[in-house]
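# Residue-level structural notes
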Amino acid sequence: MPFAVERATGTGGARTPESRPVDGHPSGSVPGPVGTYLAAARSSFRRQTTYRVATGAGVFTNTVFGFVLASVLRAVYAERDLVGDLDVVRALTFTFVAQGLLTVMGAFGWREVAERVATGDIAVDLYRPVSFSSWWAAVWLGRAAFAVVARGVPPFLVGALVFPLRLPERPATWVWFLAAVGVGTLVASRFWLLVNLAAFWLLDVRGLVNLAVLVLTVASGFVVPLTFIDGWAGALCRWSPFASLAQFPVEVFLELRPGWRALLHALAWLGALEAAVRLTLHRATRKLVVQGG
Amino acid sequence: MAEAGPITGALGAVRRDLRVAALLARARVRSELQYRTSFGIFLFAQVVATGADLVAITALFSKVDALGGWTRPQVVLLYGVTVIGFALADLTVSSVDLVADWVRAGRYDRLLLRPAGPLAQLVGHEFQLRRVGRLVLPAAALALGVAAADVRLDARVVALLTLAVVGSALLFAALFVLTACLAFWSPDAEEVASAFTYGGQLASQYSATVYDTWVRRWLFSLVPVALASYAPVRAVVGAPNPLDLPAWVAWVGPFVAVPASGVAALVWRRGNRRYASTGS
């Protein structure tokens, strides 16, 4: 856990920070909430950099899966030239970019908060004088920032050696893409936080997490691009928050979707899910008994 | 007690290990069934969790009529065969991938001190009855595939399908054990195992003709899942044979699980002998 946070006093910036020397803080003042969140994100990022072997292993697996899925898609395009607005090069690019986004969006599941609820450590998180939901957003963003670079780039590069992949033609696309990924990962973080908060009632959320992984990977376009899913099922996926995890950001990358539309969808869902998180947290902590310690 | 010869001794050890695994597993099942509702939810989640791949197959075939020369019922049948095999291996042996966790936590030493094989203990200790749920969808797919692909269930077909399922199951079990051994050399690299086990399962759901030469060679030699599933199922459904596989490969292919298990057993022994605990 990234506890490398300078001691924060005050409640969310309601008081001005005291100006006295604090350990490890050369400027001599205690950071406000934003500084706290930045520190949490930085620690989370740094923590990820220590798992070098695990990251390498993950990249290897992503690449292998990318190759398998790309091969299957190429077999599809042996039968027809276009599926929706995806031609073979765009479809192959989709595969590898999506593979890179898997860890960024926590598509394999995330149970950190649920585990802390089960052990009672959640009490520590709830006692912090910063917003619970923003704290976990900061930790998540630190982890996601590392994943974007370490897990996002290498599989694409290896895939590009074997398959014809397409890079954006307009420089602005890169900015829109990164923005879409950034907001998308925040949406993912709210979703997973919501799932984890169920631990306050269910205690063991592993079954729920399994179901969540299934729904997320299918509706995001990780299993197969949503372009292949027609009818009400496809429409449902495209309206869901999950579309902003993979399908829409990748469509921005492929220059098939305007960046502002993808961002609008993601921001709308971010607002809705954040509200849901705050509501659930309020209900969960109204009457809380922490056992053990 | 009379001195046991090397073969009797080895067989006796296997029998003892199986008994230990069964005992531990039974205890786990009893504890799992204590919470009926929770178990029900978990079971449902397991049934549904295998659905993602079927969603992919359905979605892809909504756009084309054939993949690598195979029609949808044929691919569904292939999916059924290979995923049943995987689910059987997953149900029995997949907990071996926890070696990495146990090694890192320093708990693995406990297993080595007991008078039973560590593999049997690990597998029995972490048995999860709920994983039975993973057999439901692929079994349904197998049945549907047989019906829709106009496959007549004569003795030859039943024999080939049985060989394919059993061969795939054994092969995936061997893969699980073999890739778990990575933990003895590098516990942090455990995700590499998924590339071979889950990656192999995914790759074998589609006809081997879908892949280009490179990947195909791997699917027939290094991770020979195609020998255990593609070869026999191709003979069953009568799909085209662009790879020019001779007829006997369909019958002999699944037996690749035997040398694979041998390799897995050897590497497992080697890994255990090499293992030097960090102490705890």
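Residues numbered from 1 in each chain as written. Chains lettered and ligands numbered in written order. Predicted model: local features only at pLDDT ≥ 70, side-chain atom pairs only at ≥ 80, totals over all residues. Heavy atoms only, no water.

In this section: the overall build of chain B. Secondary structure summary: chain B contains 16 helices and 0 strands in total. Each principal axis of the C-alpha distribution contributes one length, and for chain B these read about 60 × 45 × 40 Å. In chain B, buried positions account for 51% of the 280 residues. Partitioning the intrachain contacts of chain B with sequence separation of at least 6 by distance along the chain shows that 79% fall at a separation of at least 24. For chain B, the accessible area works out to roughly 13200 Å², and carbon and sulfur atoms hold 65% of it. Of the charged side chains in chain B, 25 are positive and 17 negative; the average position of the first set lies 6 Å away from that of the second. (Helix = DSSP H or I, 4+ residues; strand = E, 2+ residues; numbered from the N terminus. Buried < 20%, exposed > 50% of the residue type's maximum accessible area, 1.4 Å probe, protein only. Contact = heavy atoms within 4.5 Å. Areas by Shrake-Rupley, 256 points an atom, 1.4 Å probe, with all protein chains shown as cover. Lys, Arg positive; Asp, Glu negative; His and termini not counted. Charge placed at Lys NZ, Arg CZ, Asp CG, Glu CD.)

On to the layout of surface pockets, then. Residues and elements named next belong to chain B. A volume near 1100 Å³ is recorded for the second largest pocket. Asp-17, Val-93, Leu-119, Ala-120 and Val-177 are, among the 32 residues lining the second largest pocket, the residues nearest its centre. Among the secondary structure elements, those contributing two or more residues to the lining of the second largest pocket are helix H1 (6-32), helix H4 (72-93), helix H7 (118-125), helix H9 (155-180) and helix H16 (257-274). The dominant element in the lining of the second largest pocket, judged by the number of residues it contributes, is H16, at 9 residues. Each residue belonging to the lining of the second largest pocket can be placed in one class, and the counts come to 23 nonpolar, 6 polar and 3 charged. (1 Å grid on protein atoms, 1.4 Å probe; cavity = no way out; pocket = protein on both sides within 12 Å on 5 of 7 lines; lining within 4 Å. Points joined across faces, edges and corners; volume = space filled by probe spheres on them. Nonpolar A, V, L, I, M, F, W, Y, C, P; charged D, E, K, R; others polar.)

Turning to a positive patch on the surface, a few remarks are in order. A cluster of like positive charges, contributed by Arg-269, Arg-270, Arg-273 and Arg-274 of chain B, occupies part of the molecular surface. You can call Arg-270 of chain B exposed: its relative accessible area is 52%. (Patch = residues over 30% accessible without salt bridge, like charges linked within 9 Å, V, L, I, M, F, W, Y side chains within 5 Å. Salt bridge = Lys/Arg side-chain N within 4 Å of Asp/Glu carboxyl O.)

By size, the foremost hydrophobic cluster in this structure holds 167 residues, and its most contacted members are Trp-192 and Phe-228 of chain A together with Tyr-206 of chain B. Beyond its immediate stretch of four places on either side in the chain, Tyr-206 of chain B contacts Val-72 of chain A together with Ala-56, Ile-57, Leu-60, Leu-67, Val-75, Leu-78 and Tyr-211 of chain B. (Core = buried A, V, L, I, M, F, W, Y, C linked by side-chain atoms within 4.5 Å.)

This part takes up the pattern of salt bridges. Once the charged atoms of two side chains with opposite charge are near each other, the side chains can pair. As enumerated under the stated definition, the model contains 22 salt bridges over all chains in all. Arg-166 of chain A is the partner of Glu-169 of chain A in a salt bridge, and the nearest nitrogen-oxygen pair spans 3.4 Å. Because the salt bridges share partners, they merge into one network encompassing Asp-101, Arg-104, Asp-188 and Glu-190 of chain B.

So, on to the interface of chain B and chain A. Listed as interface residues are 33 residues of chain B and, on the opposing side, 33 residues of chain A. Each partner contributes to the roughly 2900 Å² buried at the junction of chain B and chain A, and carbon and sulfur atoms together form 74% of this total. The tally of links between chain B and chain A comes to 3 salt bridges. The closest approach of N and O atoms between Asp-230 of chain A and Lys-63 of chain B, which form a salt bridge, is 2.9 Å. The tally of links between chain B and chain A comes to 6 residue pairs in polar contact (both at pLDDT 80 or more). Here the element with the most residues in the side of chain B that touches chain A is helix H11 (residues 191-203) of chain B; it accounts for 9 residues. A per-class count over the side of chain B that touches chain A returns 23 nonpolar, 6 polar and 4 charged. (Buried area = accessible area lost by both parts, 1.4 Å probe. Polar contact = N/O pair within 3.5 Å; in protein donor to acceptor, adjacent residues only side chain to side chain.)

Bringing helix H3 (residues 88-101) of chain A into the picture now. All names here are of chain A. If you check H3, its first and last C-alpha atoms are 20 Å apart, about what 14 residues at 1.5 Å a residue would give, namely 20 Å. Buried residues dominate H3, accounting for 12 of its 14 residues. Turning to H3, its buried residues number three or more, namely Arg-90, Ala-91, Leu-92, Thr-93, Phe-94, Thr-95, Phe-96, Val-97, Ala-98, Gln-99, Gly-100 and Leu-101. On its buried face, H3 is in contact with helix H2 (52-77), strand E2 (86-87), helix H7 (153-162), helix H8 (171-197) and helix H12 (247-253). (Expected span 1.5 Å × (residues − 1).)

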